[in-house]
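Secondary and tertiary structure notes
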Amino acid sequence: MSSLWRRPVTIELLRNLHDLAPDQLRATLGAIVSPPFRVKQIEEWMHGRGAGSFDVMSNIPKDVRADLAARFTLAFPHVVERTEPAPDGTQKYLFSLADGNRIESVYMPMGERTSICLSSQAGCAVGCTFCVTGFFGAGRNLMPSEMLGQFFVVRNEKQIPTESMNVVFMGMGEPLLNFENLVTTLDVLYMNIAPKRITVSTSGIIPGLQELAKLERRPNLAVSINAPDRKRREEIMPITTKYPLDELMAELRRFPLEKGRDITIEYVLLAGYNDSPADARALAKLIRGFQSKVNAIPFNEDVNLPSWMKRPSEAAIDRFVDTLVDAGVRVTVRRSKGRDIAAACGQLRGKTEAKSRATGGRIVAGRR
Ligand code: SAH
Ligand code: SF4
């Protein structure tokens, strides 16, 4: 084969302006666009309206737009699939990224409010054994343009009034392992949504929590605890050996909470494993010492996950929840699959991959 064929293809990628933090964007635009009010107009198109191209900026002169388009891009991830809306309106979006990676977001209308669940990484290296994203293994960090793109594309397509929106980082990936890009993304989201309407869910990355605690404006925090003791958490969340459960709980007790806020404790219920009344009592004890509420998530079964993992019966879920309530814990449990934010995330990619594997399509590297 000639060496020509082996030469790697390099694609000149334009810098995406949606990757810049708000102050960097202002400085970058300020150096090439004048007068200053034009910079403001462009910022409004990007951060307010979520423009995915310069073409739509109708109040910006054509030559300015052409100049910008020659230097930069505003491209967002591309929607490749939207699932049929569930009876409750929940809909998943599958996006493809410029490098071919795929990620998903979930749109969830919830009465007065609407939630969008965003992915923070294309894959996840944390490797929780009950999670489809974890099963498919590590991917890469998403850039701010790729996280903001999920938000703006879904918001604009569904024409959701910004004031009625919640955003949750509970899709694919571990947001605190993509900290810098997460912070840039949050800074832009805050221009549309109050910090208390945004939730970041983590598997308990202690250095990331410490950085989050230092931020001036913080989103809500949700922490996936999933087991009532260290031994079981190590079994289903191997990250626990790196960030031990007792150190994680100490970190949560130190975490600065704004008035009226709670830390959400996510707890995936696995039948016969962590769903007994004794487990509920152990969980109640574990989470003492800070303002919290528990979100119990009945396990969402999937062909890629260990076959012993089952969703508990409704009676077992009730018993678990009642025991928590008796122990003075506030708890929510969402039974319908579609309505559960966490259960609605992390599944679409698995199904798509499994399908392509079954039809002899793209080979997927699983971890086990
Ligand atoms: N990496 C972050 C955020 C993404 S996972 C984290 O772990 O918190 C979002 C939530 O989905 C987590 O609470 C996780 O425990 C839950 N989850 C993952 N797989 C699940 C499954 N098969 N059934 C139910 N919940 C699941
Ligand atoms: Fe990663 Fe969260 Fe899934 Fe664990 S539950 S593998 S941290 S996405």
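In this report, we go over the structure that sits alongside the text. (Residues numbered from 1 in each chain as written. Chains lettered and ligands numbered in written order. Predicted model: local features only at pLDDT ≥ 70, side-chain atom pairs only at ≥ 80, totals over all residues. Heavy atoms only, no water.)

**As for the sheet that holds strand β4 (residues 91-96)**
As a reminder of what qualifies: At least two bridges found by DSSP between two strands is the condition for calling them paired. Numbered from the N terminus, helices here are DSSP runs of H or I no shorter than four residues, and strands are runs of E no shorter than two. Helix axes are fitted to C-alpha atoms over the stretch in contact, other axes to C-alpha atoms as well, and angles between N-to-C directions run from 0 to 180 degrees.
An order of β3-β4-β5-β6-β9-β10-β11-β12-β13-β14 is seen for the 10 strands of this open sheet, with the pairing classed as mixed. Two strands bound the open sheet, and with one partner strand each, they are β3 (78-82) and β14 (331-333). Each neighbouring strand pair of the sheet contributes to a mean axis angle of 25°, computed without reference to strand direction. Sheet topology note: the strand β13 (residues 292-298)/β14 ladder contains three bridges and is parallel. From the neighbouring strand, V294 faces β14, where its bridge partner is V331.

**Considering the site of ligand 1**
In plain terms, the rule: Proximity is defined per residue: any heavy atom of the residue falling within 4 Å of a molecule or strand makes that residue near it. Pairs of N or O atoms within 3.5 Å make up the polar contacts considered here, provided that, within protein, one atom can donate a hydrogen while the other can accept it, and that residues adjacent in sequence are counted only when both atoms are side-chain atoms. Only the protein chains shown count as covering a residue, and every accessible area follows the Shrake-Rupley method with a 1.4 Å probe. Three categories are distinguished: nonpolar for Ala, Val, Leu, Ile, Met, Phe, Trp, Tyr, Cys and Pro, charged for Asp, Glu, Lys and Arg, and polar for the others, with Gly belonging to the last.
Around ligand 1, a shell composed of 19 residues is seen, among which F130, G173, S201, S224 and N300 lie nearest. Here a nitrogen atom of ligand 1 and a backbone polar atom of F130 are 2.9 Å apart. The contact in question runs from an oxygen atom of ligand 1 to an N or O atom on the side chain of E266, over 3.0 Å. Calculation on ligand 1 without its partners gives an accessible area of 540 Å², and the protein chains cover 95% of this total. Looking at the shell around ligand 1, the elements with two or more residues in it are β10 (198-202) and β12 (263-269). Each residue belonging to the shell around ligand 1 can be placed in one class, and the counts come to eight nonpolar, nine polar and two charged.

**A word on helix α10 (residues 245-254)**
Because each turn of an α-helix spans 3.6 residues, side chains separated by three or four positions end up pointing in the same direction. Condition: Three exposure classes are used, based on accessible area relative to the maximum for each residue type with a 1.4 Å probe and protein chains only: buried under 20%, partly exposed in between, and exposed over 50%. In this description, one arc is meant: the one made by directions from the helix axis to the C-beta atoms. Any pair of residues with heavy atoms lying within 4.5 Å of one another is described as a contacting pair.
Among all positions in α10, only L245, L248, M249, E251 and L252 are buried. Within α10, the buried residues cover an arc of 155° as seen down the axis, which keeps them to one side. Of the exposed residues in α10, those oriented more than 90 degrees away from the buried face are D246 and R254. Buried residues in α10 make contact with α8 (206-214), β11 (220-224), α9 (230-236), β12 and α11 (277-286).

**Comments concerning the site of ligand 2**
Within the structure, ligand 2 sits among C124, V126, G127, C128, C131, G134, G173 and S203. Along the lines of polarity and charge, the residues of the shell around ligand 2 split into four nonpolar, four polar and no charged.

**Some remarks on the environment of S313**
Tracing the backbone through its elements, the reader meets S313 in the loop between β13 and α12 (314-326). Given the relative accessible area of 43%, S313 is considered partly exposed. Sequence separation between S313 and G272 is 41 residues; the distance between their C-alpha atoms is 9.9 Å. Only 3.0 Å separates the side chain of S313 from the backbone nitrogen of A316, close enough to count as a polar contact.

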